Amino acid sequence: MERKNCFSHSSKSNLAWGKRNKGHASTRIVVFFKLKFCNVKNLMIDFKDCSVRRRIMKRKLAVVASTFSVLAMLLAGCGGSGFSSENSPTSGSLTSDKTKGLNILIASSGDPETKAVKKAVQDWATKNDRKVTVSVASDINQQLSQGFASGSPADVFYLAPDQLAGYASSGSLLAYGDQISNRDDYYPSLLQSLTYKGKLYAIPKDVSTLQLVINTDMWSAAGLTASDYPKTWAQLENVAKKLTTSSHVGLSFSPQYARVGTFMAQAGGGLVNAKGTKATANSEQSLKGLTEVKKLIASGSTAFSSDLGTGWGGEAFGTGKAAMTIEGNWILGSLAADYPSVKYKVIALPSGPAGKGTMQFTNGWGIAEDSPDQKGAVSLVKYLTSESVIMEFAKAFGIMPGNSKFAADWEKEYPQQAPFIDGLKYAIGVPAAKGASTVVSDFDSQLAQLKNTEPKAILDKTQTNLEAIYK
Amino acid sequence: MFAKTDTESTGNDFVPYAPKKIKHAKEQLSAWLFCAPMLIILGVFLVIPIIMALWVSFSDWTGRGNPFSAGVHFIGVGNYESVLTTPGLAQSDFGTAIRNNAWYTLLVVPLQTLLSLLLAVMLNRRILKARSFFRTAFYFPSVTSSVAITVLWLFLFGSTGSINAVLSWFGVKGPNWFNDPRGLLQILLAHLGVSRGPSALTQHGLLGISWWDWLAGPSVAMFAIILMVIFTTSGTFMLMFIAALQSIGEGTEEAAIMDGANAWQRLWHVTVPQLKPTIFTVVTLGIIGTWQVFDQIYTGTKGGPSKTTLTPAYLSYSAAFDNQEWGQGAAISFILFVIIVVMTWIQRQIMKDRKMSRRKIAYYEALKSETRGLRHVSASQLSSSANASGRGEDHHE
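All values reported here derive from a predicted model rather than from experimental measurement.

A.B. asks: Explain the overall build of chain A residue by residue, including any values.
C.D. replies: Counting secondary structure elements, chain A contains 18 helices and twelve strands. Classification of the 471 residues of chain A by burial places 48% in the buried group. Of all intrachain contacts in chain A linking residues separated by at least 6 positions in sequence, the fraction that spans at least 24 positions is 74%. With an accessible surface of roughly 22,700 Å², chain A has 56% of that area assigned to carbon and sulfur atoms.

See below:
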């Protein structure tokens, strides 16, 4: 017994003290030697090198200082070469340095678009004896921003209206609107969304509108005919309910202003007024539109595409999770490529209390202020927006022209898409002021919770945010 | 003649020393030469950009041309104000991002530290077969691209993904993971019948976010990302713990076994205290890494659903590149820097070795002297038993 106790005591202390007690004599000697050796060595160094050390320290300081001065020089050099420091705004006269060639940056929807744009640009280059490079951006906002910051941006590029104000206010864009003679042929609402402080910064590349796409098989399966195409909100509610089964909903679209806004437009509202000068997010009309969306969703006949586990309305429609969707003309290409077996028809969206309403989207051709060959760039844009090229693009990747003069020809060629081009007569755009895109994406993020939120609360918050921009 | 020999002799005396001196200087020079590429690279790609970003955060730079050019003005702390104090979208977005990231850090850091520690302890056991296989398997997610893993995760947690398929076998209808913006704590409270917070929490807040929303917990989507990050990073930290475990040695462990400590006691009272420096490193790296989370958000959710996976690092990027608010973007990144420094400092203070209390010192002293006494006794016993050899092993006092 005694022995056991004694043992446990000693090992307990071992535990508490770790290795210290285990090392005994031999370790202690080694440690002693190490200490002694080190001390002697240190002493010797101190004795010998006292002055040397001081000198070394001085030299080190000098080297560090010189390194920093070199860095500073590099920094200054950056200003000269890497970044363009002198940006004298060209007033009136355009630059025309043909030696460098033109860089074109596009955000392509896929191979057909890339090929068609490359071909058109190359055609222009051979005619005008220039060098051109077409690049497809993976993230066009980021790549454009990098270009503008470095002073050597792409010369010609796709430009979204919600990005335009930001770039234009920093002077990165060339306001070449007055160089375009046929600018009045474009739909005025399109030009307005590409205008900043009275100057037109881009010519519409194409335009899209939203309409109602219906699955004809599901339509007839529900016992509906062509006479049942909804003309009013009440009829829409009715057919959506009839089309809803256990396997799919009647109507689906993504929870974003760029879809929900159609209802607000049909009620005569929108996030901003028609001229894009005043925030009208919580107006009575806008509230009516959003309340209708909430009503549809609450009835169970309508669901947001994200609630169906799909990325957008087209996917919900193509995979048969919804019988109707609200989408733009780009859905046709996607349906043909990904869901070729789905039979569909495009019809006009129903009218609301204020009549017909839809939304339009456009992309413009932007030209960089820093481009060494602005003249060539303008000429290229003129060529890319000419009728033959536009019709070629329409055939290749299904765009709709923003030029009203081409509309008749286009409609003749694509009669099944007539509702889309008709929509341009009564469509509203997305807010395009600087900072508006953040507000719209905040609105979108609130829409996802529409089920559990009052429409008024969402619109009031958006109104406050918009009023900070539209003062 | 004499003089010559004299100088010769003195020269001879100094010859071994003098060239050495010159060589020393040369070494200095060549050392700097060898360091120069790294210094220049660090300067150009790290020091200068940081200085530039700091300047941008105090300026009205619009993203065009050189931030140091004449057209860019110093505007004081305006950018910081719009993010921190001016009520508006910029402030509430920043508040949301901080809220999300705080929950993310709060969950990721302890969980990944614990998991990696447990993995390391398990893999460090001699008895385990195919140790190197498991080591590779657990480390594998760390070397795989985070983008690839994010995409895989999106598939797994999709509304019709594998996770929900497995859940459906048990009759559970899985949530639409990456589309559910509700906070986990609020979901729990909703189950208990509380769907609205008390007005004390909903009426007041910080950074444009009400306290009720601060306390909502991570959203389901954020939780999925949290799981993913723990899965990918614990391998790296496991490796650090394995290295630390191997340097500990087996002496203490054996002593503890002899003392009759069970596996759990050995882990908590013997192994973990000795791993303290490594735990410190892992937690520090964890805090820094979690506050900088970006790729999973950029490739995965882009801040959605309803901004519940928005993080300051991603917000800084989108403010600059998508909204052309370069000053705000830079300001956010410097606020993030301050947050990281402060959090790391706090963690250092918490984990610092404290001075032992007087009572504890006295206790250990008593133990020590007791042990000495016992040693003395046992030594005398030993000698007495040696003297009286043949008396047998069991001896009594």
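A.B. asks: Go over unusual backbone geometry with me, naming the residues and quoting the values.
C.D. replies: All names here are of chain B. In this structure, K302 takes a positive phi of about 55° despite not being glycine. By relative accessible area, which is 47% here, K302 ends up partly exposed. Phi at K307 is positive, roughly 65°, even though this residue is not glycine. You can see K307 is positioned in the loop between α15 (295–301) and α16 (312–321). The exposure class assigned to K307 is buried, which follows from its relative accessible area of 12%.

A.B. asks: An account of the UniProt feature "transmembrane region" (unreviewed entry) in chain B is needed here, citing residue identities and associated values.
C.D. replies: Residues and elements named next belong to chain B. Taking the numbering used here, the UniProt-annotated feature "transmembrane region" (unreviewed entry) corresponds to residues 31–58, 102–124, 136–156, 220–245, 275–294 and 326–346. Structurally, residues 136–156 comprises 90% helix and 0% strand, and the distance from its first C-alpha atom to its last is 23 Å. Segment residues 220–245 splits into 100% helix and 0% strand. End C-alpha atoms: 36 Å apart.

A.B. asks: Residue-level account of the environment of W124 of chain A, with values.
C.D. replies: Residues and elements named next belong to chain A. As for its position among the elements, W124 is in helix α3 (residues 111–128). C-alpha separation for the pair W124 and F304, spaced 180 residues apart in sequence, amounts to 44 Å. Sequence-distant contacts of W124, that is, excluding residues within four places in its chain, are made with L102, R130, V132, G376, S379, L380 and Y383.

A.B. asks: Give a detailed account of the UniProt feature "domain: ABC transmembrane type-1" (unreviewed entry) in chain B, specifying residues and quantitative values.
C.D. replies: Under the present numbering, the feature "domain: ABC transmembrane type-1" (unreviewed entry) in UniProt falls on residues 98–347 of chain B. Helix makes up 71% of residues 98–347 of chain B and strand 2%. Its end C-alpha atoms lie 18 Å apart.

A.B. asks: Which residues make up the pairing of strand β6 (residues 203–215) of chain A, and what are the values?
C.D. replies: Residues and elements named next belong to chain A. With respect to burial, β6 is a largely interior element, 13 of its 13 residues being buried. Note: β6 against strand β11 (residues 358–367), six bridges, orientation antiparallel. Bridge assignment links S208 to a residue of β11, and that residue is F361. Taken together, the five bridges between β6 and strand β9 (residues 322–328) define a ladder with antiparallel strand orientation. Along β9, the bridge assignment pairs L212 with I326. Bridge analysis of β6 against strand β10 (residues 344–347) gives four bridges, and the strand direction is antiparallel. Paired with N215 across the strands is Y344, a residue of β10.

A.B. asks: How would you explain the environment of S318 of chain B if you had to name every residue and give the values?
C.D. replies: With respect to the helices, strands and loops of the structure, S318 of chain B is situated in helix α16. Separated by 96 residues in sequence, S318 of chain B and M222 of chain B have C-alpha atoms that sit 19 Å apart.

A.B. asks: Tell me about the packing of helix α17 (residues 436–447) of chain A against helix α18 (residues 455–467) of chain A, and name the residues and values.
C.D. replies: Residue and element names in this part refer to chain A. Running from N to C, α17 and α18 cross one another at 170°; their axes reach a closest spacing of 10 Å. One finds that α17 runs roughly antiparallel with respect to α18. Two packed elements cross with a definite hand, and for α17 against α18 that hand is right-handed. Each of V439, D442, F443 and Q446 in α17 lies in contact with α18, whose residues at this interface are I458, L459, K461, T462, N465 and L466. The class makeup of the residues in the contact of α17 with α18 is five nonpolar, three polar and two charged.

A.B. asks: Please give an account of the confidence of the model for chain B that cites residues and values.
C.D. replies: All names here are of chain B. This prediction gives chain B a mean pLDDT of 82; 88% of its residues lie at or above 70. Here residues 1–13 scores under 50 on pLDDT; set against residues more than four positions off or in separate chains, the count is zero contacts. Counting contacts from residues 390–397, a segment whose pLDDT is below 50, to residues more than four positions away or on other chains yields three contacts. Taken over the whole predicted complex, pTM reads 0.77, whereas the ipTM for its chain interfaces reads 0.73.

A.B. asks: Which residues make up the packing of aromatic side chains, and what values go with them?
C.D. replies: Residues and elements named next belong to chain B. Applying the stated criterion to the full structure yields 30 aromatic pairs over all chains. The interplanar angle of 25° and the centroid separation of 6.2 Å between the aromatic rings of F134 and F138 together place this pair among those described as stacked. Here the residue F134 and the residue F138 both occupy positions in helix α5 (residues 131–143), the gap between them amounting to four residues, near one helical turn. Taking relative accessible area as the criterion, F138 reaches 31% and is therefore assigned partly exposed. Pairwise contacts between aromatic rings join W61, F294, Y298, Y314, Y317, F321 and W326 into one cluster. Sitting over the face of the ring of Y298, K302 holds its NZ or CZ atom 4.2 Å from the ring centroid.

A.B. asks: How would you sum up the nonpolar core? Please name residues and give values.
C.D. replies: One finds I104, F157, L173, Y176, W365, L384 and F393 of chain A to be the most contacted residues of the largest nonpolar core, which totals 73 residues. The contact partners of Y176 of chain A, leaving out residues within four places of it in the chain, are L200, Y201, A202, I203, W365, I367, V378 and V381 of chain A.

A.B. asks: So, the side chain of S254 of chain A: which residues are in play, and what are the values?
C.D. replies: Examined against the element boundaries, S254 of chain A turns out to sit in the loop between β7 (249–253) and α9 (257–266). Beyond its immediate stretch of four places on either side in the chain, S254 of chain A contacts R259, V260, F304, S305, W312, G313 and E327 of chain A.

A.B. asks: Describe the pattern of salt bridges, with residues and values.
C.D. replies: A full pass over the atoms with the stated rule returns 15 salt bridges over all chains. Between D123 of chain A and K119 of chain A there is a salt bridge, with its nearest N and O atoms 3.3 Å apart. Note that D123 of chain A and K119 of chain A are positioned in helix α3 at a spacing of four residues, about one turn of the helix. For D123 of chain A, a relative accessible area of 28% translates into the label partly exposed. With a shortest N-O distance of 3.0 Å, R266 of chain B and E253 of chain B are connected by a salt bridge. With R266 of chain B in helix α13 (residues 263–274) and E253 of chain B in helix α12 (residues 251–258), this residue pair connects regions lying 13 residues apart in the sequence. Judged by relative accessible area, R266 of chain B falls into the buried class, the value being 17%. On the basis of relative accessibility, which here comes to 27%, the residue E253 of chain B falls in the partly exposed class. One network of salt bridges, with partners in common, ties together D442 and K461 of chain A together with D93 and K307 of chain B.

A.B. asks: Which residues make up the side chain of T309 of chain B, and what are the values?
C.D. replies: Residues and elements named next belong to chain B. Take T309: it is sitting in the loop between α15 and α16. Within the structure, T309 has its side chain in polar contact with the side chain of T301 (distance 2.7 Å). Among all residues touching T309, those that are not within four sequence positions of it are N100, A221, M222, I225, I297, T301, G303 and G304.

A.B. asks: Break down helix α12 (residues 330–338) of chain A for me, with residues and values.
C.D. replies: Residue and element names in this part refer to chain A. Looking at α12, one finds that the buried residues are I331, L332, S334 and L335. Considered in projection along α12, the buried side chains sweep an arc of 170° and stay on one side of the axis. α12 presents A336 and A337 as exposed residues on the side facing more than 90 degrees away from its buried surface.

What counts, and where the lines are drawn
Residues numbered from 1 in each chain as written. Chains lettered and ligands numbered in written order. Predicted model: local features only at pLDDT ≥ 70, side-chain atom pairs only at ≥ 80, totals over all residues. Heavy atoms only, no water. Helix = DSSP H or I, 4+ residues; strand = E, 2+ residues; numbered from the N terminus. Buried < 20%, exposed > 50% of the residue type's maximum accessible area, 1.4 Å probe, protein only. Contact = heavy atoms within 4.5 Å. Areas by Shrake-Rupley, 256 points an atom, 1.4 Å probe, with all protein chains shown as cover. UniProt positions renumbered as here; feature names shortened; annotations may be inferred. Pairing = 2+ DSSP bridges. Axes fitted to C-alpha atoms, helices over the stretch in contact; angles between N-to-C directions. Parallel < 35°, antiparallel > 145°, perpendicular 65-115°, else oblique. Left-handed = near helix turned anticlockwise from the far one by under 90°. Nonpolar A, V, L, I, M, F, W, Y, C, P; charged D, E, K, R; others polar. pLDDT = per-residue confidence, 0-100. Phe/Tyr/Trp six-rings, centres within 6.5 Å; stacked < 30°, edge-to-face > 60°. Lys NZ or Arg CZ within 6 Å of the ring centre and 35° of its normal. Core = buried A, V, L, I, M, F, W, Y, C linked by side-chain atoms within 4.5 Å. Salt bridge = Lys/Arg side-chain N within 4 Å of Asp/Glu carboxyl O. Polar contact = N/O pair within 3.5 Å; in protein donor to acceptor, adjacent residues only side chain to side chain. Arc of directions from axis to C-beta.

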